[in-house]
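# Structure at a glance
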Amino acid sequence: MSDRLYIFDTTLRDGEQVPGCQLNTVEKIQVSKALEQLGVDVIEAGFPVSSPGDYQSVIEISKAVTWPTICALTRAVQKDIDVAVDALQYAKRKRIHTGIGTSDWHIKYKFNSNREDIIERAVWAVKYARQFVDDVEFYAEDAGRTDNEYLAQVVEAVIRAGATVVNIPDTTGYCLPLEFGEKIKFLMDHVENIDKAIISTHCHNDLGMATANTLEGVLNGARQVEVTINGIGERAGNTSLEEIAMILKCHKGIGVDTNINTMKIYPTSRMVSSLMNMPVQPNKAIVGRNAFAHSSGIHQDGVLKNVQTYEIIDPKDVGIDIDSIVLTARSGRAALKHRLHAYGVDVSDEKKIDKIYEKFLQLADLKKEVTDADVLMLAGADTADQHAVKLDFLQVTTGKGVKSVASIGLDISGQKFEAASSGNGPVDAAIKALKRIIMKQMTLKEFTIQAISKGSDDVGKVHMQVEYDGQLYYGFGANTDIVTASVEAYIDCINKFKKQTTP
């Protein structure tokens, strides 16, 4: 009989800490419903005390989903826990996730404290939270660098205080897989009341070992894993949900099962990528566009003879339908709706579908085939219609031996403005022309271009980071013309730092 592994998804909390990837409440509800269909056991909906937006999101997510446990993060602080309790009031199953740093680095430099005081504060937080909810998870922040003997003391104390789950995070992604596995085994062997709680892993990918560390944790007794869709998260990211789910499905000999409906993995991955404007790297395991691509002649020959020569996963097992309908300029509205629905996009708003379909036809006229990534990009692009500043037109002259010149037209709250400028290349010229209309002291800090699929007619995604008045703003643009995409990304930044912009 297989052991049950609980999947704790923190896409909406730790995953959303990626700069420029913040979601609004409506988008978070959309993701949470997809996670419910995916089969996750626990959804960490946010850190309620951190902002009014996070507080409201936890409330609305609690109302929106039925069977997963809704978890709210706190520090070992009374106000944090009080706010979390209030935010969880509508959750059918609720959990408070509280904790404190336990490594000597955290104890000395973060808290200016000592080991005895940290245990006391940890026990207090768990006991206080248990007054309001039956399910309390304790996290020992930076457990990866915490002395095992002391960590065992902390774990034993918080379980005695009422913790139902104890989270052992490798907060800095420092541990080696063998080292992390031994840490979990040490706790299983040396904590007397370890059977009274579930041990959880929460691994970061700073050294590329998050999935390996998580698996070692499971092999040594952890029965909850904290993961994110596409492995997104702060710095280098978190353990990927899809990787752990498929490792356990492929290696049945491990004897551990999850509740994940793997057929929903790819659609959920694409939806999260689209909503967060966070492209999935092409060679990403399980969900990257090249995950099931074979370019080597030897590999192609083997796959044609027997797919199992080079594929250990059937693409359909993760929701990739390689025989899906091809979308072209001749595709109808129904085909587009079908594809959007397959990827978890809400298709009930007919006006929204009309706007997406109109943009789809415009793109289809430019490309031979519209890819799934293109469709998801279009589904998220209609929000630009509500912006105060919109791109009206852009004309650029450039070439070898010719100075780049750009003419631009903007619609600012219904008023039309035009400007022109030369520059060191077409993008520079276009942005200089834009800044002649938007007369603000803005500094471009980061500029990233990424292709969505392949081909000279591909849609390019541009991510920008702009500094204005001491604050950083993140913008996104997508277009078959990379100069236009760049300008749209810059305008996206402008709309974020000022809803009404006047020249």
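What you see is a predicted model, and the numbers here were worked out from it, not measured in a lab.

### A few points about the packing of helix H3 (residues 78–87) against helix H5 (residues 115–130)
Relative to each other, H3 and H5 sit at 25°, their axes nearing to 10 Å. With respect to H5, the element H3 is oriented roughly parallel. In this structure, H3 crosses over H5, and the sense of that crossing is right-handed. Along the contact surface, H3 presents Gln 78, Ile 81 and Asp 82, while H5 presents Trp 124, Ala 125, Tyr 128 and Ala 129.

### So, the pattern of salt bridges
A side chain of one charge can pair with a side chain of the opposite charge if their charged atoms are brought near each other. If you walk through the whole model with that rule in mind, you get 25 salt bridges. Across the salt bridge formed by Arg 160 and Glu 156, the nearest N and O atoms sit 3.0 Å from each other. On the criterion of helical spacing, the pair formed by Arg 160 and Glu 156 is a turn pair, its members being 4 residues apart in helix H6 (residues 148–161). Since its relative accessible area comes to 59%, Arg 160 is described here as exposed. Where salt bridges share partners, they join Arg 13, Asp 14 and Glu 44 into one cluster.

### Regarding a nonpolar patch on the surface
Together, Leu 444, Phe 447 and Ile 449 give the surface a local cluster of nonpolar side chains, amounting to about 250 Å² of exposed area. By secondary structure assignment, the location of Phe 447 is in strand E14 (residues 442–451).

### A word on the nonpolar core
Phe 138, Val 155, Val 166, Ile 168 and Ile 265 are the most contacted members of the largest nonpolar core, which totals 91 residues. Residues contacting Val 155, with those up to four places away along its chain left out, are Val 166, Ile 168, Leu 187, Val 191, Ile 194 and Ile 199. Core analysis: the second largest hydrophobic core is formed by 28 residues, Ala 406, Ile 408, Tyr 490 and Ile 491 among them.

### Considering the sheet that holds strand E6 (residues 136–141)
Pairing is parallel around the closed barrel formed by 8 strands, whose spatial order is E2-E3-E4-E5-E6-E7-E8-E9. Direction aside, the axes of adjacent strands within the sheet are offset by 25° on average. The sheet strands contacting H6 are E6, strand E7 (165–170) and strand E8 (198–203), and the helix crosses E7 at an angle near 155°.

Procedures and definitions
Residues numbered from 1 in each chain as written. Predicted model: local features only at pLDDT ≥ 70, side-chain atom pairs only at ≥ 80, totals over all residues. Heavy atoms only, no water. Axes fitted to C-alpha atoms, helices over the stretch in contact; angles between N-to-C directions. Helix = DSSP H or I, 4+ residues; strand = E, 2+ residues; numbered from the N terminus. Parallel < 35°, antiparallel > 145°, perpendicular 65-115°, else oblique. Left-handed = near helix turned anticlockwise from the far one by under 90°. Contact = heavy atoms within 4.5 Å. Salt bridge = Lys/Arg side-chain N within 4 Å of Asp/Glu carboxyl O. Buried < 20%, exposed > 50% of the residue type's maximum accessible area, 1.4 Å probe, protein only. Patch = residues over 30% accessible without salt bridge, like charges linked within 9 Å, V, L, I, M, F, W, Y side chains within 5 Å. Areas by Shrake-Rupley, 256 points an atom, 1.4 Å probe, with all protein chains shown as cover. Core = buried A, V, L, I, M, F, W, Y, C linked by side-chain atoms within 4.5 Å. Pairing = 2+ DSSP bridges.

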